[in-house]
Amino acid sequence: MQANRRRPFGRPGVLVTLILLLCAGRSLDPAAPRAIGNDGADGRFTRRESFHFLLFQDVDIDESSGLYGSRQFEQDMLRELEAAYDRLSRTLELRPARKLAVTIWDPALFDARFAGLFRFPAAGFYGGSIHVRGGTRVTPALVRVLHHELVHAALDAEAPGVVLPAWLNEGLAEWFEARSVGRPSLSPGEQAWLAAVGQSGQLPRLADLSAPSFAGFDPEAASIAYLESYAFVQHLGSLAGDRGLVALWSAVLRSGSVERGVRRAFRRDLETLEQAFRRGFGAD
């Protein structure tokens, strides 16, 4: 899920995602937004599509934006999604063959329906479809959400049966999200925070970040988990560039094993790479 909260030393209002393949026990049908429930609303969605996306928008948004404003928002969303698809194709060479569904929810309904799924306010999540807390215009924060969730959707489309560890899934999504706003590396504040966590002995090991999601983490633990995942993926990218990350995800999805995928992509085992990464932040 994509959540709004603050990260110490980091950019304010940072967006974080917890990927959930099942939402409160309901299968998320990308072609039918009502499958996840729409209690208390009119239950109607407009549908638009572009070359790579199916866009469903809750018609309740019309009440706040007006019909023309709603249509403009839909057009802007599809334009931004297609731009994100092009960036994803260029950087990570992920090109989903099928159209990806994106559901834009009325903000009040989104908050009411999904508040119990995570422990902090959310802006979006992926679960068979990209689900977004709606608005009336495409903001920089929304652009980050779309880029982040697009990585999850593309990886799932590439290999639906493979469940990736959260550090890899979220690390790639955070890495791509950062690229979308012109941040090719950790900020000095983020580096300092990870160093402080590492030197305090509190930096989690990758084994602790290998569940399918960080959904059960408290806000502070989730902040560390997301930033560490991003930092480790960036560390891997520094070894072999974007091509190394492409080789990583493709090898992992083909083999179904992170360890084998890492070895194929970087000619080193995961433990060796993790130890070097941890030493860089003063962790044992």
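Q: Whenever I open this one, the packing of aromatic side chains confuses me. Can you help?
A: The relative placement of two aromatic rings is captured by the distance of their centres and the angle of their planes. Scanning the entire structure with this criterion turns up eleven aromatic pairs. Here the aromatic rings of F45 and W105 are separated by 5.3 Å at their centres, their planes lie at 85°, and the arrangement is edge-to-face. Separated by 60 residues along the polypeptide, F45 in strand β5 (residues 45-49) and W105 in strand β7 (residues 100-105) bring together distant segments of the chain. Per residue, the accessibility class of F45 equals that of W105, and both read buried. Geometrically, the ring pair formed by F232 and F277 is edge-to-face, given 5.2 Å between the ring centres and 80° between the ring planes.

Q: Any chance you could explain the pattern of salt bridges here in plain terms?
A: Oppositely charged side chains are able to pair whenever their charged atoms sit close together. Scanning the entire structure with this criterion turns up eleven salt bridges. A salt bridge links R144 to E177; its shortest N-O distance comes to 3.8 Å. One end of the pair, R144, is in helix α3 (residues 140-158); the other, E177, is in helix α4 (residues 166-180), and 33 residues separate them in sequence. With relative accessibility at 14%, the residue R144 sits in the buried group. On the accessibility criterion, E177 (1% relative accessible area) is buried.

Q: What is the right way to read helix α7 (residues 258-266) from this model?
A: Each α-helix winds once per 3.6 residues, and so residues spaced three or four apart point in a common direction. The complete set of buried residues in α7 reads V258, G261, V262, A265 and F266. On an axial view of α7, the arc spanned by its buried residues comes to 100°, and they lie on one face. Each element contacted by the buried residues of α7 is listed here: α4, α6 (219-255) and α8 (270-280). The opening residue of α7, the one whose side-chain oxygen lies 3.5 Å from the backbone nitrogen of E259, is S257. Phi turns positive, to about 60°, at R267, one or two residues after α7.

Q: When you look at the side chain of H147 in this model, what are you seeing that I'm missing?
A: Relative to the elements of secondary structure, H147 occurs in helix α3. The contacts of H147, once residues within four sequence positions are left out, are E80, A84, R87, F176, E177 and S180.

Q: How do you make sense of the environment of E274 when you look at a structure like this?
A: Here E274 lies in helix α8. Here the alpha-carbon distance between E274 and H235, two residues 39 residues apart in the chain, equals 9.5 Å. Discounting residues that sit within four places of it in the chain, E274 has contacts with R205, L206 and F232.

Q: What should I look at first to understand the pairing of β7 in this one?
A: When a strand is regular, its side chains alternate between the sheet's two faces. Counting buried residues along β7, six of its six residues qualify, which places the element largely inside the surrounding structure. Judged by which residues are buried, β7 turns out to be covered on both faces: L100, V102 and I104 on one side and A101, T103 and W105 on the other are all buried. Relative to β7, strand β6 (residues 53-58) runs parallel, the two sharing five bridges. What sits directly across from Q57, in β7, is I104. Looking at chain direction, β7 and strand β9 (residues 130-133) are connected through four bridges and run parallel. Bridging across to β9, I104 finds its partner in V132.

Q: Help me out: how do you make sense of the packing of α3 against α4 in this one?
A: Helix-helix packing is characterised by the crossing angle of the two axes and by the distance between the axes. Where α3 contacts α4, the two axes come as close as 8 Å, and the packing angle between them is 140°. If you check the angle between α3 and α4, you find them oblique. Two packed elements cross with a definite hand, and for α3 against α4 that hand is right-handed. Contacts from V143, R144, H147, H148, V151, H152 and L155 in α3 reach N169, E170, L172, A173, E174, F176, E177 and S180 in α4. A class-by-class count of the residues in the contact of α3 with α4 yields six nonpolar, five polar and four charged.

Q: Sorry, what's going on with the packing of α4 against α6 here?
A: Interhelical geometry of α4 versus α6 gives an angle of 90° and a closest axis separation of 8 Å. With respect to their mutual orientation, α4 and α6 come out roughly perpendicular. Residues A166, W167, L168, E170, G171, L172, E174, W175, A178 and R179 of α4 pack against Y226, S229, Y230, F232, V233, Q234, L236, D242, L245, L248, W249 and V252 of α6. Along the lines of polarity and charge, the residues of the contact of α4 with α6 split into 15 nonpolar, three polar and four charged.

Conventions adopted
- Residues numbered from 1 in each chain as written.
- Predicted model: local features only at pLDDT ≥ 70, side-chain atom pairs only at ≥ 80, totals over all residues.
- Heavy atoms only, no water.
- Phe/Tyr/Trp six-rings, centres within 6.5 Å; stacked < 30°, edge-to-face > 60°.
- Helix = DSSP H or I, 4+ residues; strand = E, 2+ residues; numbered from the N terminus.
- Buried < 20%, exposed > 50% of the residue type's maximum accessible area, 1.4 Å probe, protein only.
- Salt bridge = Lys/Arg side-chain N within 4 Å of Asp/Glu carboxyl O.
- Arc of directions from axis to C-beta.
- Contact = heavy atoms within 4.5 Å.
- Polar contact = N/O pair within 3.5 Å; in protein donor to acceptor, adjacent residues only side chain to side chain.
- Pairing = 2+ DSSP bridges.
- Axes fitted to C-alpha atoms, helices over the stretch in contact; angles between N-to-C directions.
- Parallel < 35°, antiparallel > 145°, perpendicular 65-115°, else oblique.
- Left-handed = near helix turned anticlockwise from the far one by under 90°.
- Nonpolar A, V, L, I, M, F, W, Y, C, P; charged D, E, K, R; others polar.

These results come straight from atomic positions and should not be treated as a statement about function.
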